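# Residue-level structural notes
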Amino acid sequence: MTNITITHSDSGLLHAQVLKKEQISPNFVRVTLGGADLTRFQFVGADQWFRLVIPVHEGDRLDLMPQRFGVAGFLRYLSLPKGVRPVVRNYTVRSYRPSPAEIDIDFVVHGSEGIAAPWASRVESDFEVALIDQGCGWHPKLADWYLLTGDESSLPALAGIIRDLPDESAGHAFIELFDKRDRQELNAPKGFQVHWLERSATQAPGSKLLPTLERFAFPSGTPYAFSVGESALATGVRRHLVAQRGVPKAQITFSGYWKLGKSAWT
Ligand SMILES: Cc1cc2nc3c(=O)[nH]c(=O)nc-3n(C[C@H](O)[C@H](O)[C@H](O)COP(=O)(O)OP(=O)(O)OC[C@H]3O[C@@H](n4cnc5c(N)ncnc54)[C@H](O)[C@@H]3O)c2cc1C
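Residues numbered from 1 in each chain as written. Predicted model: local features only at pLDDT ≥ 70, side-chain atom pairs only at ≥ 80, totals over all residues.

### Remarks on the overall build of the protein
Convention followed: A run of DSSP states H or I qualifies as a helix once it reaches four residues; a run of E qualifies as a strand once it reaches two. Both are numbered from the N-terminal end. Values of the radius of gyration come from C-alpha atoms, whereas the globule rule sets the reference at 2.2 Å times the count of residues to the power 0.38. Put simply, a residue is buried when 20 or more other C-beta atoms lie within 10 Å of its own C-beta and exposed when 12 or fewer do; between those, it is partly exposed, and each C-beta is set from the backbone. It is the C-beta atoms, placed from the backbone, that decide contacts: two residues are in contact if theirs lie within 7 Å.
Per the secondary structure count, the protein includes five helices and 12 strands. Over its C-alpha atoms the protein spans a radius of gyration of 18 Å, differing by no more than 12% from the 18 Å that the globule rule assigns to 266 residues. Along the first, second and third principal axes, the C-alpha atoms of the protein reach 55 × 40 × 35 Å. Buried positions account for 37% of the 266 residues belonging to the protein. The long-range share in the protein, meaning contacts at least 24 apart out of those at least 6 apart in sequence, stands at 73%.

In structure tokens form, the structure reads like this:
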């Protein structure tokens, strides 16, 4: 579930090549993409995300992909016959450098299941992919303070938002990981506090975050909340904020980034 509005820049389908891959922490692999097309990427920061198009079968065709991934684009994508239809997954721009144009993507490596994470762990330089910009989910409303919540899959998004917060921003981020060695250095504004939480690898995402949030003494005033990560975590936070804290739904952006036990749609 999500209430994020998708926005498309006019950059369309961009082709890119894998430049390098780096194991940045025990459960994260950073893949850097480059190539001439990426000079047309319109970087807007925060949690900007995109559809990553990965050819996984011989015969998969990047050139048949739609330029946009709205309803029409998605239907066109689904109409591609198996055998030429690449896999599409959602990822966040962890960093963008304009010259030469490069995008870093931080992948949670979550085992052998699925397509994107196993691909990221074994990909080599020069592999060809494509991407379609989807804009940002972070569109803060007028608020006295910000509340960011998520699990490891949200770390790139929350890190990007924190990086780009205005200096005078106040608030709290609660980031739950299953391995504290995956923490990253986040330079938050002075009035903004990052709380790292750790669940055990066998616990469901949100096991630590939801009870912590329930006990947390909220600052006064109206928050704008951004809750992403595993589906039950993202919706659980929203439910708590609305039912127990009286936060208006319009002040909450939420998105299930992945669902326990379920593959993404393609
Ligand atoms: C807007 C947006 C931005 C995102 N940005 C990032 C990002 O920058 N980095 C990132 O790592 N993820 C990110 N995600 C989440 C990512 O798209 C999903 O985790 C995706 O399902 C991974 O695809 P897959 O092919 O590896 O696994 P799938 O084929 O989708 O799933 C296979 C199995 O793996 C499980 N699984 C999927 N993801 C995870 C996970 N993170 N941890 C544990 N188990 C999992 C599923 O429950 C399923 O059982 C983002 C999602 C959205 C919607």
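### Observations regarding the domain arrangement of the protein
As a reminder of what qualifies: Marked domain ranges trace back to an automatic or database domain assignment. Under the scheme applied, nonpolar residues are Ala, Val, Leu, Ile, Met, Phe, Trp, Tyr, Cys and Pro; charged residues are Asp, Glu, Lys and Arg; polar residues are all the others, including Gly.
Per the domain assignment, the segments of the protein are domain 1 (13-135) and domain 2 (145-258). Taken together, the contact pairs 13 residues of domain 1 with 12 residues of domain 2. Each residue belonging to the side of domain 1 that touches domain 2 can be placed in one class, and the counts come to five nonpolar, five polar and three charged.

### Some details on the site of the ligand
Using the following cut-off: Should the C-beta atom of a residue, placed from the backbone, lie within 6 Å of a molecule or strand, that residue is near it.
Every one of the 25 residues lining the ligand counts as a neighbour, but Thr92, His110, Gly114, Ala117 and Ala264 are closest to it. Counting only elements with at least two residues in the shell around the ligand, the list comes to β4 (87-92), β6 (101-108), α2 (116-122) and β12 (252-258). In terms of residues, the shell around the ligand owes the most to one element, β4, which gives four residues. Of the residues belonging to the shell around the ligand, the class tally is 12 nonpolar, eight polar and five charged.

### What to know about the sheet that holds β6
Note the following rule: Whether two strands pair depends on DSSP finding at least two bridges between them. Here the axes come from fitting lines to C-alpha atoms, over the contacting stretch only for helices, and the angles between their N-to-C directions go from 0 to 180 degrees.
Strand order across the open sheet formed by seven strands is β4-β3-β7-β1-β2-β6-β5, with antiparallel pairing between neighbours. Lying at the two open borders of the sheet, with one neighbouring strand each, are β4 and β5 (95-98). Across the sheet, the mean angle from the axis of one strand to that of its neighbour is 35 degrees, orientation sign disregarded.

### With respect to helix α5 (residues 231-243)
Convention followed: In this analysis, the expected span of each helix is defined as 1.5 Å times one less than the number of residues it contains.
A rise of 1.5 Å per residue sets the reference length of α5, with its 13 residues, at 18 Å; its end C-alpha atoms lie 18 Å apart and thus fit the reference within 8%. Those residues of α5 lying buried are Ser231, Leu233, Ala234, Gly236, Val237, Arg238 and Leu241.

### Points about the sheet that holds strand β11 (residues 223-230)
Within the open sheet, the five strands sit side by side as β10-β9-β8-β11-β12. Their pairing is parallel. Here the strands that pair on one side only, and so sit at the sheet edges, are β10 (192-198) and β12. Between one strand axis and the next, the sheet turns by 10 degrees as a mean value, whatever way the strands run. For strand β9 (residues 171-177) and β10, the ladder comprises seven bridges, and the chain directions are parallel. Residue pairing for β10: His172 is matched across the bridge by Gln193. Against the sheet, α5 makes contact with β8 (145-150), β11 and β12, and its axis sits at roughly 155 degrees relative to β11, the strand it touches most.

### Remarks on the nonpolar core
Under the convention used in this document: A set of buried Ala, Val, Leu, Ile, Met, Phe, Trp, Tyr and Cys residues, joined to one another through C-beta atoms within 7 Å, is what we call a nonpolar core.
Ranked by size, the top nonpolar core spans 33 residues in total, and within it Leu148, Leu158, Ile161, Ile162 and Ala225 carry the most contacts. Contributing elements (two or more residues each) for this core: β8, α3 (155-163), β9, α4 (209-215), β11, α5 and β12. Beyond its immediate sequence surroundings of up to four residues, Ile161 is in contact with Ala46, Asp47, Trp138, Leu148 and Phe226. Within the second largest apolar cluster, 31 residues are counted, among which are Leu38, Val53, Val93 and Ala116.

### What about the pairing of strand β2 (residues 28-34)?
In the sheet, strand β1 (residues 13-25) pairs with β2 via seven bridges, with the strands oriented antiparallel. Residue pairing across strands places Val18 opposite Leu33, the latter belonging to β2. What sits between the antiparallel neighbours β1 and β2 is a turn of two residues. Relative to β6, β2 runs antiparallel, the two being bridged by seven bridges. If you follow Val29 over to β6, its bridge partner there is Phe107.

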